[in-house]
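Chains, contacts and geometry: an overview
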Amino acid sequence: MTDIKKEIAVAIAKATNFKENEIYGYIETPKDTNNGDYAFPCFKLAKIMKKSPVQIAEEIKEKIIVDEEKILKIDIAGGYLNFYMNKNILTEEVLKKIDNEEEYGKSIELKNKNIVIDYSSPNIAKPFHIGHLKTTVIGGALYNIYKYLGYNVTGVNHLGDYGTQFGKLIEGYKLWGSEYDLSQDPIDKLADIYKRINELCKEDEKVLDNCRENFKLLEQGDEYCTQLWQEFKDLSIKEFQRIYDLLGSKFDSWNGEAFYADKTDEVIEILKNTGKLQESEGAMIVDLSDKGIDTPCIICKSNGSTIYATRDLAAILYRARTYDFDKCLYVTSYEQNLHFKQVFEVAKLLGLDEKYTNGLEHVPYGFVRLSTGRMSTRLGNFVKVEDLLNDAINQAKKIIEEKNPNLENKEEIAKKVGIGAVIFNDLATSRIKDEIFDIDAMLNFQGETGPYIQYTYVRTNSVLEKAKSKPKFEDIDTELLQDEYSQNIIKIIYNFEDILNQVIEKSEPSILARYLIDLSKAYSNFYNENKIICDDENLQNARVFLTYAVGKVLKDGAKLLGMQMPEKM
Ligand code: ARG
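The text that follows walks through the structure, step by step, so that each part is easy to find. (Residues numbered from 1 in each chain as written. Predicted model: local features only at pLDDT ≥ 70, side-chain atom pairs only at ≥ 80, totals over all residues. Heavy atoms only, no water.)

**A short note on the overall build of the protein chain**
Along the backbone of the protein chain there are 23 helices and 12 strands. The C-alpha extent of the protein chain, read off along each of the three principal axes, is 85 × 65 × 40 Å. The buried share among the 569 residues of the protein chain stands at 54%. When the accessible surface of the protein chain is split by element, carbon and sulfur atoms take 46% of a total near 26800 Å². Counting 74 positive and 93 negative side-chain charges, the protein chain places the averaged centre of each group 1 Å from the other. (Helix = DSSP H or I, 4+ residues; strand = E, 2+ residues; numbered from the N terminus. Buried < 20%, exposed > 50% of the residue type's maximum accessible area, 1.4 Å probe, protein only. Areas by Shrake-Rupley, 256 points an atom, 1.4 Å probe, with all protein chains shown as cover. Lys, Arg positive; Asp, Glu negative; His and termini not counted. Charge placed at Lys NZ, Arg CZ, Asp CG, Glu CD.)

Dropping the structure here:
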């Protein structure tokens with residue numbers, strides 16, 4: 001399919017001597033079709049060209065050369081250049097492509113670029129909280145989309161399975177382990193042991209010494225300590241896995257912090273050789289004040305143990321060597337902004353090629369708060385993610401039971417709807433915004449929700465069912481799809497690939513989530529305004545084909561977000 005946006009970018013670049021990539025990034029798709037199909041905001045160039053946006057627009061319009069078969073008209077409005085496309089060419093191209101492709105917009109060409117995505121990464125022996133749900137969902141969506149676009153992607157679950165706290169946990173377990181049955185809810189129990197031992201440490205310095213000793217033993221590979229640690233880890237992963245199974249999350253690597261325990265010496269050695277490693281109150285630090293970061297990065301604590309950041313530095317070395325990454329993304333809450341600023345700055349001292357240090361990117365997201373309604377009163381504020389997910393499934397089941405009691409496979413559909421609602425909710429707003437977790441709102445079939453998208457998809461299915469069969473592309477007359485509602489859909493579908501590229505460029509899956517809402521709304525309008533099943537066979541065929549196209553894009557798009565579509569609901 002010709003990429004008209006790209007062609008416009010090339011033409012403007014030629015007319016202005018700007019870089020095509022830069023121009024491409026500025027081109028907008030106006031919401032109101034009266035402003036054309038694509039618009040170029042000339043004020044973006046005003047500063048450098050030292051001219052007014054209107055002057056620039058006039059100049060470009062004068063010089064630009066475009067394919068007049070495809071672009072019928074260019075006009076100037078308020079400092080914008082608006083481009084109007086030949087609707088029929090576009091309609092034909094879009095629908096032909098949909099008909100030919102297994103998965104619409106999927107790249108067959110490999111990009112030869114390696115992307116590492118570090119996401120989910122919960123801490124063992126601690127609850128998997130609602131923030132971990134968000135990284136799991138955002139990271140998973142980015143993973144799918146990179147892959148779809150032909151990148152080589154490695155998903156890493158960087159488990160928090162190391163650190164001095166395990167010395168404490170081991171001590172607590174030695175003291176009170178026999179009081180707990182870890183075969184049931186092990187994480188709650190380990191968390192309880194951890195709380196108790198922390199309190200005891202505050203009272204009794206000797207206990208704290210024992211904890212430190214345990215951690216040392218663990219570092220040295222002591223059999224008893226290692227065995228306990230392994231058990232805590234196995235029990236935790238087993239609990240996490242139940243959540244991953246519900247969400248459909250998969251990882252290529254589970255190398256967590258412990259994996260890097262024997263790889264931090266090299267980091268310290270390299271940093272020592274740079275002369276930037278300083279002693280400060282017994283600890284070893286890298287001062288970053290000249291980089292505009294006031295808090296130094298601690299590399300070794302005064303007792304010699306490494307910290308979270310040291311292991312992240314070792315992980316950067318390892319990932320550069322093992323995956324030769326072009327990009328390495330870290331999806332965590334914005335509470336870790338400082339941590340990643342420090343780590344990325346110190347990473348520049350490790351002697352790595354700039355390709356790697358330039359490829360490091362923190363992808364922060366906002367807080368998730370539980371709505372003050374039903375959920376929090378019933379489950380308390382420290383809800384378990386697994387309970388939330390099951391609650392969403394049960395709520396979905398109730399709604400389905402009311403709306404469509406005779407449906408087959410209600411259980412399976414409720415799971416798709418309930419989980420789909422949660423996943424979509426985590427992706428629907430731009431990631432940095434704080435979010436309210438409200439199960440009733442996210443299950444509203446009429447709201448801007450996952451179930452709304454699923455419902456629209458199901459609607460396209462029933463239209464196809466009524467029509468008996470999907471017409472062949474060759475048999476439809478695309479001239480019959482020139483009305484406003486059909487064209488609106490065509491344009492949205494045409495933008496799909498561009499949307500996916502925007503998602504990875506900004507690490508922002510909400511762009512795809514919004515897109516699916518826009519497409520669903522456009523289809524609802526089309527459905528309400530146009531009679532699809534009608535006496536005019538040609539018209540019916542064209543409209544049914546468009547319906548099929550909408551369903552396909554909704555399904556492929558939702559799958560990229562990690563949502564599954566029910567065929568009926
Ligand atoms: N375990 C951390 C947490 O739960 C997240 C780890 C993120 N990844 C990393 N490489 N630091 O907050």
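**Some thoughts on the sheet that holds strand 8 (residues 297–300)**
Strands pair in a sheet through their backbones, by hydrogen bonds, and they do so in one of two ways: parallel or antiparallel. Judged by pairing direction, the sheet is antiparallel, and its 3 strands sit side by side in the order 6-7-8 without closing on themselves. Both edges of this open sheet fall to strand 6 (277–280) and strand 8, since each of them pairs with a single strand only. Put simply, the sheet's adjacent strands are angled 45 degrees from each other on average, direction ignored. Sheet topology places strand 7 (residues 283–286) next to strand 8; 3 bridges connect them, and they run antiparallel. For Ile-285, the partnering residue across the bridge sits in strand 8 and is Ile-298. (Pairing = 2+ DSSP bridges. Axes fitted to C-alpha atoms, helices over the stretch in contact; angles between N-to-C directions.)

**Some words on the site of the ligand**
Near the ligand, the surroundings consist of Asp-118, Ser-121, Asn-123, His-132, His-158, Tyr-308, Asp-312, Tyr-330, Thr-332, Gln-336 and Phe-340. Ser-121 is positioned such that a nitrogen or oxygen atom in its backbone is 2.9 Å from a nitrogen atom of the ligand. Note that an oxygen atom of the ligand is positioned 2.9 Å from one of the side-chain N or O atoms of Gln-336. With the chains in place, 89% of the 350 Å² that the ligand exposes on its own is no longer accessible. Residue classes in the shell around the ligand are distributed as 3 nonpolar, 6 polar and 2 charged. (Near = heavy atom within 4 Å. Polar contact = N/O pair within 3.5 Å; in protein donor to acceptor, adjacent residues only side chain to side chain. Nonpolar A, V, L, I, M, F, W, Y, C, P; charged D, E, K, R; others polar.)

**A word on helix 4 (residues 53–63)**
Along helix 4, the residues that are buried comprise Ile-56, Ala-57 and Ile-60. Projected down its long axis, helix 4 carries its buried residues within an arc of 100 degrees, all on one side. At its buried positions, helix 4 is contacted by helix 1 (4–16), strand 1 (38–41), helix 3 (46–49), strand 2 (71–77) and strand 3 (80–85). (Arc of directions from axis to C-beta. Contact = heavy atoms within 4.5 Å.)

**What about the packing of aromatic side chains?**
Throughout the structure, instances matching the rule amount to 28 aromatic pairs. Consider the rings of Phe-128 and Tyr-244, whose centres lie 5.8 Å apart with planes at 80 degrees: the pair is edge-to-face. Of this pair, Phe-128 sits in the loop between strand 4 (114–118) and helix 6 (130–148) while Tyr-244 is found in helix 10 (residues 223–247), placing the two residues 116 residues apart along the sequence. Here Tyr-244 falls in the buried class, since its relative accessible area comes to 0%. Centroid distance Phe-251 to Trp-254: 5.4 Å. Interplanar angle 70 degrees. Geometry classified as edge-to-face. Judged by its relative accessible area of 29%, Trp-254 falls in the partly exposed class. Aromatic ring contacts, followed pair by pair, group Tyr-119, Phe-128, Phe-240, Tyr-244, Phe-251 and Trp-254 into a single cluster. One Lys or Arg, Arg-459, reaches over the ring of Tyr-527 and ends 3.9 Å from the middle of that ring. Across the ring face of Tyr-548, the terminal group of Lys-470 is positioned such that the distance to the ring centre comes to 4.4 Å. (Phe/Tyr/Trp six-rings, centres within 6.5 Å; stacked < 30°, edge-to-face > 60°. Lys NZ or Arg CZ within 6 Å of the ring centre and 35° of its normal.)

**Quick notes on helix 19 (residues 450–466)**
Every α-helical turn comprises 3.6 residues, leaving residues that sit three or four positions apart pointing alike. Helix length check: helix 19 (17 residues) gives 25 Å between terminal C-alpha atoms against 24 Å at 1.5 Å per residue, within 8%. Taken across its 17 residues, helix 19 has 12 buried, putting it largely inside the fold. Tucked into the core, helix 19 has its buried residues touching helix 17 (410–428), helix 18 (439–442), helix 22 (510–529) and helix 23 (537–561). Taking the backbone nitrogen of Tyr-452 as reference, a side-chain oxygen 3.1 Å away marks Thr-449 as the first, capping residue of helix 19. (Expected span 1.5 Å × (residues − 1).)

**Description of the sheet that holds strand 3**
With respect to topology, 3 strands assemble into an open sheet ordered 1-3-2, the strand pairing being antiparallel. Unpaired on one side and paired on the other, strand 1 and strand 2 mark the two borders of the sheet. The average angle at which neighbouring strand axes cross in this sheet is 20 degrees, direction not considered. With 4 bridges joining them, strand 1 and strand 3 adopt antiparallel strand pairing. The partner of Ala-39 across the bridge, within strand 3, is Asn-82. Packing of helix 1 onto the sheet brings it into contact with strand 1, strand 2 and strand 3, and relative to strand 1 it is tilted by some 35 degrees.

Keep in mind these numbers describe shape, not what the thing actually does.
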